[in-house]
Amino acid sequence: MTLLERVEHLRAVAGYLDDARAGHGRLVYVSGEAGIGKTTFVSAAASELETGARVAIGSCDGSATPAPLGPLRDMVPSLPAGLWPEEASRQDVFTRLVDTLRNAPPDRPYLLVIEDAHWADEATLDLLRHMARRVHGCHALVLVTYRPEDAGAGSALRILLGDTASASGTRRIDLPPLSPRAVATLVAERSRDRLSQTRIDVERLHDVTGGNAFFVTEVLSGDTAGVPPTVRDAVLARVARLHESSQRALEVVALTGSRAESDLLEGLLSEGLAVLDEPLARGLVVMSGREVTFRHELGRLAVADEVPAGRRLHIHRRLLAALESRGADPARLAHHADAAGDSRAVLAHAPEAGARAARLGAHREAVDQYRRALQHADTLPDTEVPARRRADLLWALGYELYLTDRIEGAIEAGDAARRIWDAADDATRVGDAWRCLSRLSWFAERKAEAETQAAVAVDVLEGGSTFELALAYSNLAQLRMLATDLAGTREWAHRTLDLADSLDDLAQQTEVRVHALNNLGTIEIAAGDFASGAAMLDDSLQQARAADLHEHAARAYCNLASSAVLQRRHEDARRYLLEGIEYCSERDLDSWTLYLEGLSHPERTTSMPLFMDVHSLGDGVTMDAVAQAHRADLATQDPHGVNYLRYWVDECRGQIFCLVEAPDAEAANIVHRDAHGLVADAIYEVQEGV
C-alpha cells in the first residue's frame with residue numbers, strides 16, 4: 001500500500017535529523033490512534049534516512065508485563081559495544097546512552113525509534129524523560145510513537161508528556177486519519193491489483209473506518225463485498241481463508257508475543273517455518289530480520305483472543321519450555337508460566353522478574369510480578385512455599401507498593417509479613433516490620449498509630465546493638481522531627497548516631513547515619529540554627545547519593561527544599577527543587593517527586609504578608625532563652641496560619657527581632673502570647689529586597 005498524506009510529516013522528520021547533525025538533537029513524539037499508520041510512518045522515515053544516519057529500533061511490548069527497558073534491549077545490537085555492561089546501574093546506562101548520542105559524528109547522527117510508548121514500562125519512561133532533557137545537545141533524533149487514547153489523564157505516559165513538553169529538544173507530530181481522497185486512492189489501487197468486479201462505496205468505507213489506515217487496508221485486503229462491522233471480523237475472515245496448518249501456526253506466533261524469533265518458532269511448528277509462507281504472502285505477518293511479527297498489533301490481539309482455552313494452555317506450556325531452555329528474560333518466562341497455569345514456574349521466575357524490575361526503577365512492573373507470584377503461591381502447598389518465603393514475597397510487594405504511593409496496600413502486605421514472622425518468633429524481622437509500618441501509618445495520616453508502632457519496634461529490638469535497632473531509633477527521631485519536637489529529635493538522633501558507630505558493616509553504618517543526619521539537620525534549621533542544620537542535611541544528601549540510597553537522598557532533597565521555601569531562601573529553594581525533581585523523577589520515586597513538584601507550584605510558594613516584630617526586653621536576654629521561645633512559637637503557630645521564619649538577637653541592647661509570615665500582625669502576636677507570653681513591642685509589615 002502507498003504511504004499517503006504523510007509527505008509534510010516526513011519532511012519535518014528529515015528537518016529534525018538535519019538539526020541533529022548540527023548538534024541540536026530532537027526527541028519527537030509521534031502520536032496517532034491505533035491503526036493510524038505510526039509504524040508504517042516511522043519505518044518509512046527510517047528507510048529514507050538510513051543512508052545518512054545510524055538507525056536503531058526498539059518496541060514496547062503490550063503482550064505481557066513488560067521487561068524493564070525492553071526497547072533499549074532491542075536497540076543494543078545496533079549501538080556501540082559496552083553501552084550496557086553486566087550489572088551496570090540504570091543511571092549508568094542512561095548516562096552512557098546520552099554520551100553515545102552526544103559524541104556521534106555529525107555526518108552520521110543516530111536515529112532511534114521507540115515504538116508503542118503507551119505500553120512502556122516505568123524504566124523506559126524514565127529513560128525517555130532523561131533523554132528529553134538532554135537530547136538538545138546530542139547528534140541524535142529520537143522518534144517515539146504512542147496512542148493518545150492509551151495515555152489518559154494521570155497515566156505515567158501522560159505525566160511524561162507534560163514533564164517534557166517544555167524541554168528545548170522535544171517536538172511533536174500528530175498523524176491524522178486519511179481523507180476521503182486518500183481512501184479513494186487506496187480503493188483504486190486495490191481495484192487495479194485484484195481486478196475485482198465488486199464496487200466499493202468509498203464514502204461509506206471512509207465513514208465506517210474513520211479514515212483509519214489499518215481499518216481501511218484490512219477491509220480492502222478481504223474478499224467481502226461490504227464493510228465488516230469490526231476490524232476483528234476483517235482480520236479473522238482473512239485468517240479463516242488460510243490452510244488450517246497456517247491458522248494453527250498463526251496462533252503460536254500471536255501467543256509468543258509482539259515479536260516471535262524465527263528460530264524459536266522453527267522448534268515449535270511441526271511443519272517448520274514453511275507453514276508461515278502463506279500468511280507471509282498474504283501480508284498478515286511480516287519477516288523482519290530473524291523475527292516474525294504481525295503487520296499490526298491489533299491483528300495479533302484479534303488472533304490471540306480467539307485461541308480456544310485448551311489449545312492456549314498447550315501453546316503457552318510449549319513456549320515456556322522452549323524459552324526456559326534459551327535462558328529468556330524472567331519477565332517473559334513469568335508471563336508464559338502464568339498463562340500456562342504453571343504455578344511452580346511462576347514462583348521460579350516472577351520474583352526474579354520483580355527484583356530486576358525494581359533495580360531498574362520499573363516499580364509498577366515489580367508490583368505486578370510480586371502479585372503474580374503471591375497469587376500462584378496461594379495455590380501451592382506449604383511444603384513447596386514455606387511461610388518464610390511467602391513473608392519475603394509480601395515484604396517485597398509492600399515496599400514496591402510504598403514506592404509507587406499505594407500506601408494502604410503496602411500496609412496490608414507488610415502487616416501480613418509481620419504476622420508470619422511473629423508466628424515464627426523472629427524478633428528481628430518483627431521489630432523491623434513495626435518500624436516500617438510506623439512509617440507507612442504516618443504516610444496514611446494515622447499519626448497516633450505511627451507513634452505506637454515506632455515504640456513497639458524499639459521495645460522488640462532493644463537488647464542488642466543491631467542495624468534494625470538503629471533504624472528504629474532513627475524512625476523515632478524522624479517522628480519527633482515531624483512533630484517539631486527539638487529535644488526529642490536531638491535525643492533519638494544522637495542515640496541513633498552512637499549506635500551507628502558500633503556497627504561493623506560500613507554500608508549499614510552509612511545508611512543509619514544518612515537517615516539520622518537528615519532528621520537532625522531538618523529540625524536544627526527549623527529551630528533557627530541554619531548553618532549547622534544545612535551542613536547536616538547536605539552531608540546526608542551527599543552520602544546518600546554516593547551510596548545510591550535513593551529514598552534517603554529523596555528525603556534530603558525534600559527537607560532541604562521545604563525548609564528553603566518556608567524560610568524564603570529563594571535561590572536555595574530553586575536549586576534544591578530543580579535538582580530534587582530531576583533526581584527523583586529519573587529514579588521513579590513518585591511520592592517524593594510529587595511532593596517537590598507541589599512545592600514548586602507558584603500557589604505553594606506565594607507567601608502571606610511578611611512582618612518583622614521587635615522586642616525590647618533590656619538586660620538578661622540570652623541566645624539560648626530566645627531559641628527556646630522560638631521553638632515554642634513553632635509548636636504553637638500552625639492553628640493560627642502563622643509561620644515564624646528567623647530571629648536575630650542583640651544581647652547587649654536586650655533586643656529581639658523576629659521575621660514571620662502571617663495573615664496579619666495580630667495573628668503573629670497571638671502566637672507569641674499563647675507560646676510564651678512575650679508579645680512584641682512593635683510589628684512592621686516589610687517586603688524583601690532583591
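Residues numbered from 1 in each chain as written. Predicted model: local features only at pLDDT ≥ 70, side-chain atom pairs only at ≥ 80, totals over all residues. Heavy atoms only, no water.

S.K.: Teacher, can you tell me more about the environment of Leu479 here?
M.R.: Following the sequence through the fold, Leu479 ends up in helix H23 (residues 467-482). Linking Leu479 and Glu451, residues 28 residues apart in sequence, is a C-alpha distance of 7.3 Å. In contact with Leu479, other than residues within four places in its own chain, are Ser438, Trp442, Ala450, Glu451 and Ala454. (Helix = DSSP H or I, 4+ residues; strand = E, 2+ residues; numbered from the N terminus. Contact = heavy atoms within 4.5 Å.)

S.K.: Help me understand the pattern of salt bridges in this model?
M.R.: Side chains that carry opposite charge are capable of pairing whenever their charged atoms lie near each other. A complete count under the given rule lists 45 salt bridges for this structure. Between Arg575 and Glu579 there is a salt bridge, with the nearest N and O atoms lying 3.5 Å from each other. Here Glu579 and Arg575 lie together in helix H28 (residues 570-586), a separation of four residues that amounts to about one turn. With a relative accessible area of 37%, Arg575 lands in the partly exposed category. Take Glu579: its relative accessible area is 32%, and that puts it in the partly exposed class. Arg653 is the salt-bridge partner of Asp650, the closest N and O atoms lying 3.1 Å from each other. Look at Arg653 and you get exposed, because its relative accessible area is 61%. Residues joined by salt bridges that share partners form a network here, namely Arg90, Asp126, Arg129 and Asp163. (Salt bridge = Lys/Arg side-chain N within 4 Å of Asp/Glu carboxyl O. Buried < 20%, exposed > 50% of the residue type's maximum accessible area, 1.4 Å probe, protein only.)

S.K.: Any chance you could explain the nonpolar core here in plain terms?
M.R.: Core analysis: the biggest nonpolar cluster contains 160 residues, and Leu27, Leu72, Leu79, Leu128, Met131 and Leu596 have the highest contact counts within it. Residue contributions to this core peak at 10 residues, all from H23. Those residues in contact with Leu72, other than ones at most four positions away along the chain, are Leu79, Leu83, Trp84, Val93, Leu97 and Leu127. Counting residues in each nonpolar core, the second largest holds 21 residues, with Val13, Val30, Leu49 and Leu175 among its members. (Core = buried A, V, L, I, M, F, W, Y, C linked by side-chain atoms within 4.5 Å.)

S.K.: When you look at helix H25 (residues 506-526) in this model, what are you seeing that I'm missing?
M.R.: Here H25 spans 30 Å end to end across 21 residues, near enough to the 30 Å set by a 1.5 Å rise per residue. Among the residues of H25, the N-terminal cap falls to Asp505, whose side-chain oxygen and the backbone nitrogen of Ala507 are separated by 2.9 Å. Backbone geometry just after H25 places Gly528 at a positive phi near 110°. (Expected span 1.5 Å × (residues − 1). Polar contact = N/O pair within 3.5 Å; in protein donor to acceptor, adjacent residues only side chain to side chain.)

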